[in-house]
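Observations on the model geometry
The residues making up each chain are set out below.
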Amino acid sequence: MSMFDYMKKPDTEDNPYGWSSEEKADAKPARSWPKVLRLVIEAALVLLVVVLIANGTGSGGSTSDPAASEPAEQLSEEPAPAKDPAFLGEQENDTVGEGGDTLEVEGLEVTAAALVDGTPSYNDSPTLCTTITMKNISTEVRDFGSYNWNLQTPSGFIDYHSTEGSDNFAPANGQIAAGGTVTGDICFPNKTTETGKFVVLYTPTYQLNYDEPATRGAWINNR
């Protein structure tokens, strides 16, 4: 073999694959496995982010209530009609009943029977009377006085009690012990000929709450 033939022979020791210089130049280097694995992981992460975003913006992923963003419908509510008073001049804290009812007023159970005609006074003026019973249901002494009782006529005039009209008057004044009871008649002058609601009023001397108007007992008698 000549020197020229030897020079044409591929160098198998330096090129074990038997490539020619042209083939070796055209050949592309193979990817290493670490790079391929990194690309796969990156692609998986991108896919995961896309799925999470899709779920977050889907119909089931919204946590806001569409109706909440809409302006609430303004409903025009008419105020409740004012309550008609049970009688002329009724006050907010009054405890109201009919003649003969038992009402709880400031620690007392108070009964005022229906009004009846009393015996005429010394000058033959007519009177109206009610039999009252007062029981102290509190744990403290309660004051009592016939001056705490009044009669309101249908036209709204309020008169004081009378010292005439009965032979069985309740005590003029005093106190009622816890659990104690007082009973007797309370009478009033009957100076009118009008008909309608006559209201027996009891305004206690003792008040449980002085920051509010005293609670009155009111017994309506239609005559």
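See the structure printed just above.
Our subject in this report is the structure included herewith. (Residues numbered from 1 in each chain as written. Predicted model: local features only at pLDDT ≥ 70, side-chain atom pairs only at ≥ 80, totals over all residues. Heavy atoms only, no water.)

Before going further, it helps to spend a moment on the overall build of the protein chain. Counting its secondary structure elements, the protein chain contains 4 helices and 12 strands. Counting all 223 residues of the protein chain, 27% fall into the buried class. Partitioning the intrachain contacts of the protein chain with sequence separation of at least 6 by distance along the chain shows that 67% fall at a separation of at least 24. As displayed, the protein chain has an accessible area near 15800 Å², and 55% of this comes from carbon and sulfur atoms. (Helix = DSSP H or I, 4+ residues; strand = E, 2+ residues; numbered from the N terminus. Buried < 20%, exposed > 50% of the residue type's maximum accessible area, 1.4 Å probe, protein only. Contact = heavy atoms within 4.5 Å. Areas by Shrake-Rupley, 256 points an atom, 1.4 Å probe, with all protein chains shown as cover.)

Here the focus is the sheet that holds strand β11 (residues 197-202). One open sheet accounts for 5 strands, arranged β1-β12-β11-β7-β8; its pairing is mixed. Edge positions in the sheet fall to β1 (95-98) and β8 (158-160), since each has one partner strand and no second. For this sheet the average axis-to-axis angle between neighbouring strands, irrespective of direction, equals 25°. The sheet contact formed by β11 and strand β12 (residues 217-222) spans 6 bridges and is antiparallel. (Pairing = 2+ DSSP bridges. Axes fitted to C-alpha atoms, helices over the stretch in contact; angles between N-to-C directions.)

Right, let's get into the side chain of Thr215. One can find Thr215 in the loop between β11 and β12. For Thr215, a relative accessible area of 18% gives the class buried. With residues up to four places along the chain from it excluded, the contact list for Thr215 reads Asn93, Thr95, Val105, Glu106, Tyr202 and Pro204.

If you check the backbone angles, Glu106 has positive phi at about 50° while not being a glycine. Of note, Glu106 is situated in the loop between β2 (102-105) and β3 (108-112). Owing to a relative accessible area of 11%, Glu106 belongs among the buried residues under this scheme. Despite not being glycine, Asp124 shows a phi value in the positive range, around 65°. Note on placement: Asp124 falls in the loop between β4 (116-117) and β5 (127-136). What makes Asp124 exposed here is its relative accessible area of 64%.

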